[in-house]
Amino acid sequence: MAYVDGYVLPIRKAKLPIYRRIARKAGKVWRDHGALEYRECIGDDLEPGMGVPFPRRVKLRPGETVVFSWIVFKSRAHRDSVNAKVMKDPRLAKLMEEAGMPFDVKRMVYGGFKVLVDA
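Not measured: the values here are computed from a predicted model. (Residues numbered from 1 in each chain as written. Predicted model: local features only at pLDDT ≥ 70, side-chain atom pairs only at ≥ 80, totals over all residues. Heavy atoms only, no water.)

Participant: So, the overall build of the protein: which residues are in play, and what are the values?
Facilitator: Tallying secondary structure elements over the protein gives four helices and four strands in all. Relative to the compact-globule value of 14 Å for 119 residues, the protein shows a C-alpha radius of gyration of 15 Å, a close match. Projected onto its principal axes, the C-alpha positions of the protein cover 40 × 35 × 20 Å. A fraction of 84% describes how many contacts in the protein between residues 6 or more apart in sequence connect residues 24 or more apart. Summed over its atoms, the accessible surface of the protein is roughly 7900 Å², and 57% of this surface lies on carbon and sulfur atoms. (Helix = DSSP H or I, 4+ residues; strand = E, 2+ residues; numbered from the N terminus. Rg over C-alpha atoms; globule rule 2.2 N^0.38 Å. Contact = heavy atoms within 4.5 Å. Areas by Shrake-Rupley, 256 points an atom, 1.4 Å probe, with all protein chains shown as cover.)

Below, the structure written as structure tokens:
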């Protein structure tokens, strides 16, 4: 069964063009190393009226929005293998060196998930 890494992060709206550029390149790196899917989504309906909204979870500040991302792998072992290769890939290191970190890592929410239902 597939395995998914999921991320929710706050980002300044002014930095979205930089983030999009990084995400496009990072997605290519992950896919080149075997990730099955790579998705980056920008917040649209963030106050659904139930549960804990993403903006509250990431302590959204004025001028920020939420990015919800996920990467799909064959399994957790496959994820570990792909991520190890990605972390060593000079394209990713160069990208981060050039662009810097465009979001607050301390407020990012992250986790690895086993797929429960694949419909």
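From this point, the narrative continues.
Participant: Account for the sheet that holds strand β2 (residues 37–42), with residues named and values stated.
Facilitator: Strand pairing in a sheet is mediated by backbone hydrogen bonds. Such pairs are either parallel or antiparallel. Strand order in this open sheet of four strands is β2-β3-β1-β4, and the pairing throughout is antiparallel. Strand pairing shows two members of the sheet lacking a second neighbour, β2 and β4 (109–114), which therefore form its edges. Neighbour to neighbour, the strand axes of the sheet diverge by 15° on average, direction disregarded. Packed on one face of the sheet, helix α1 (residues 16–32) meets β1 (3–12), β2 and β3 (64–73) and runs near 165° to β2. (Pairing = 2+ DSSP bridges. Axes fitted to C-alpha atoms, helices over the stretch in contact; angles between N-to-C directions.)

Participant: Describe the side chain of Thr-65, with residues and values.
Facilitator: Among the secondary structure elements, Thr-65 is positioned in strand β3. If sequence neighbours within four positions are ignored, Thr-65 has contacts with Leu-9, Pro-10, Ile-11, Lys-13, Leu-16, Ile-42, Gly-43, Leu-46 and Leu-60.

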